[in-house]
Every structure is written in C-alpha cells, then in structure tokens.
Amino acid sequence: MSVVAVLNYKGGVGKTTVAANLGAELAFRGRKVLLIDMDPQASLTLSFYGSDELAKEFTDSGTLLHWFQAFVNDQSAELLRDYVVSPPRVNEVLKSHGGQLDLIPSHLGLIDVDLDLAAHVGGSRFQISSDGYLWVHRLLADALGDDVFRDYDLIMIDCAPNFNMVTRTAIVACDHILIPAKADYLSTLGIDYLRRKLSELVRDYNGVAGAEAIDPAILGVVFTMIQFAGEVPIIAVRNYVTHTEQYDVPVFRQMIRESKTLFAAAGERGVPAVLLPHANPNVQHELRELATEFLTRIMIEGAT
Ligand SMILES: Nc1ncnc2c1ncn2[C@@H]1O[C@H](COP(=O)(O)OP(=O)(O)O)[C@@H](O)[C@H]1O
Ligand SMILES: [Mg+2]
C-alpha cells in the first residue's frame, strides 16, 4: 500500500483532475484505489457524485468534515473506514476489470476545521512545543493505520491549495508527493517554495520528541494543461521544465495537454475522462502513460 498526497499551493493547476484520472486508470488496471478528498471545494467528490447527490447524501454526515469534527468536539476517534464510499457510476465501468475505486468525500465546511485544529497547536504559528502538535499532525496517519486500509494498493489524497492543518495531516500520512503544475513562470517559482515548506515541516515534525520520523518523497512534478503547437508542446514549456529541474525536483516525462473539450464536462458523468468512451484519444493516451510512469515511480509490486 502506498499513500500519495497530490499537492500544490496553487489552485486550478490540475490536482483534482490528475488524482481522479490516475485513480480511475489504476483501478481500471485491476487495482484497489482509495481517493481521499481533502479540499473543501470538494471537486474530487464532485467528479464522482452529482451536486444533487452530494447535497442529499453528504450534507449532514459521511464526509471528512464530520470525521474531523468528531475529534474537534470530543477528541474521540471515529473510525475513518466508516467514511469510505464506492461511487456507483465509475465502479459500474470498473467492475468487469476487477478493480475498485473508493472515496472519502469532502465538504465545504472543511475549511473551518483548519482553524479548529490549528487552535490545538497554538494558533497560526503552529507551536512545535505544544502538546497538541503531534496529535493533530498524526490524525490521518494514525487513522490510515487501520487494517482495512492495507487492502488498498494505492491511497491518493487530493489536497487543498494551502499548507494549513488539514493539508499537513496529509503530508504526515503520505509516502510520496505528486505535484501537478502549469508550465509557467509563477508556477515554477511556486514549486520551489513548496519544496522548501515541505522540508521545513518534515524537519520540525521529526524534531518533536516522540515523533516517528517521516520522510515523504517528492515523486515528481506533472505538467498539465500544456499548450501544443502542432504535434509538440510550445517552446516556453521546455524552458519551464528545465527551470523546475534546476530546483532538484523530479519531473514526469509525461505531460498532459490542454483539452478544453475533454475536461470541460469533467465530473458530469461521474466517470473521469480517461475512462470515457469516444473521448480525445491523444489526451487519454497521455493520461494512461502518466499512470504507467506513476506506477514505475512508486514501484508498486507488479506494475506494468
Ligand atoms: N489538461 C487540461 N486541459 C484543460 N482543462 C483542464 C485540464 N486539466 C484540468 N482542467 C480543468 O481546469 C480546471 C482546474 O482543474 P483542477 O483539476 O480542478 O485543478 P485543481 O485541483 O488544482 O484546482 C477544471 O475545470 C478542470 O476541468
Ligand atoms: Mg482541486
């Protein structure tokens, strides 16, 4: 089992799209995948459930918000396994392939949980000496220690575009970090900043007495929404890729081109683009190649 956090400070760079499509493609190849939606915008949840279903099924219970709230309100644990759902439409497509795609849904209210959790760590400055520091940072990591989660080949966490408490629990819980990004100047600067913030968190965390050392590895940057000129990416893209490599961050060979037609309706059918019939074959090919490269990089047993 491998836990991967999909992370970037920036919003709208393709985090959710990459998480949904990688998860779906790997489940299509027969693997058992769990996606955890940690962004209050709930775009990942909305990739698999209609907004009406979301409102009906997950307003008052059943989301990460409710799981975190149980901690904040009574500091008592609820089993995270009770929050796992199997979105019906995508699993209908997957069932003849032996794979499975499960989800822990998000909720708009998750944004307030950050403040509640931060209060346990001494407010916005995250005092490392506070009693709550380890407890809060380890909430997700400890919950994923439950045996049921060992059945998954891959657990992928779609993070919000920030470095707040909820995101920090994902980083502490993960083995690998995947960074979707656009190939432009500000985005590449953002990657270097993210890398530094990550090392800072890891250093602080590992310095706390009683902490079991964490060492999340950056799996790589995936460039998305790439503009093509004919058959090849525009030249500017190459420059920003080189720029990123200079920060000592690995970069995925496979990029995902911009395709407004394919992604505009994302979520509408509850099935990610990579599994849709009659969709743009170039982009689907890129998404599948990305999945293969991803597997190679995390070295899941039996990867093909
Ligand atoms: N390769 C792409 N080409 C065109 N649009 C894309 C592509 N990837 C994602 N999008 C669209 O861009 C928007 C932001 O993507 P999203 O994955 O939600 O980013 P993030 O999770 O980083 O905020 C969404 O509307 C999505 O459908
Ligand atoms: Mg998102």
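The preceding data block contains the structure.
## Comments concerning the pairing of strand β5 (residues 176-182)
Summarising burial for β5: six of the seven residues are buried, a large majority. Where strand β1 (residues 2-6) lies against β5, three bridges are found, and the strand directions are parallel. Counted as the bridge partner of Ala 5 is Ile 177 from β5. Where β5 lies against strand β6 (residues 217-224), seven bridges are found, and the strand directions are parallel. When the sheet's bridge partners are listed, Pro 180 is paired in β6 with Val 222.

## So, the sheet that holds β5
What the six strands build is an open sheet, ordered β3-β2-β4-β1-β5-β6; its pairing is parallel. Taken across any chain shown, the strands that pair with only one partner, and hence form the sheet edges, are β3 (100-104) and β6. Between one strand axis and the next, the sheet turns through 20 degrees on average, direction left out of account. Lying on the sheet, helix α13 (residues 281-298) is in contact with β1, β4 (154-159), β5 and β6; it crosses β6 at an angle near 170 degrees.

## Let's talk about the pairing of β1
Of all five residues making up β1, five are buried, and the element is well covered by its neighbours. Of the two faces of β1, the one lined by Ser 2, Val 4 and Val 6 and the one lined by Val 3 and Ala 5 are each fully buried. In terms of strand pairing, β1 meets β4 through five bridges, oriented parallel. Bridging across to β4, Val 3 finds its partner in Ile 155.

## Some thoughts on the packing of aromatic side chains
This model, assessed by the stated rule, comprises eight aromatic pairs. Relative to Tyr 205, the ring of Tyr 133 has its centre 6.5 Å away and its plane inclined at 40 degrees; by these criteria the two rings are tilted. Separated by 72 residues along the polypeptide, Tyr 133 in helix α7 (residues 132-137) and Tyr 205 in helix α10 (residues 185-206) bring together distant segments of the chain. Tyr 133 sits in the buried class, given a relative accessible area of 0%. Under the relative-accessibility criterion, Tyr 205 is labelled buried at 0%.

## Quick notes on the site of ligand 1
Neighbouring ligand 1 are 13 residues; Gly 12, Lys 15, Thr 16, Thr 17 and Ser 259 lie closest to it. Lys 15 places a side-chain nitrogen or oxygen 2.8 Å from an oxygen atom of ligand 1. In this structure, Ser 259 approaches ligand 1 through a main-chain N or O atom, which is 2.8 Å from a nitrogen atom. Protein burial of ligand 1: of its 550 Å² of free accessible surface, 77% is covered by the chains. If you tally residues by element for the shell around ligand 1, the top one is helix α1 (residues 15-28), at three residues. When its residues are assigned to classes, the shell around ligand 1 shows four nonpolar, six polar and three charged.

Analysis parameters
- Residues numbered from 1 in each chain as written.
- Chains lettered and ligands numbered in written order.
- Predicted model: local features only at pLDDT ≥ 70, side-chain atom pairs only at ≥ 80, totals over all residues.
- Heavy atoms only, no water.
- Buried < 20%, exposed > 50% of the residue type's maximum accessible area, 1.4 Å probe, protein only.
- Helix = DSSP H or I, 4+ residues; strand = E, 2+ residues; numbered from the N terminus.
- Pairing = 2+ DSSP bridges.
- Axes fitted to C-alpha atoms, helices over the stretch in contact; angles between N-to-C directions.
- Contact = heavy atoms within 4.5 Å.
- Phe/Tyr/Trp six-rings, centres within 6.5 Å; stacked < 30°, edge-to-face > 60°.
- Near = heavy atom within 4 Å.
- Polar contact = N/O pair within 3.5 Å; in protein donor to acceptor, adjacent residues only side chain to side chain.
- Areas by Shrake-Rupley, 256 points an atom, 1.4 Å probe, with all protein chains shown as cover.
- Nonpolar A, V, L, I, M, F, W, Y, C, P; charged D, E, K, R; others polar.

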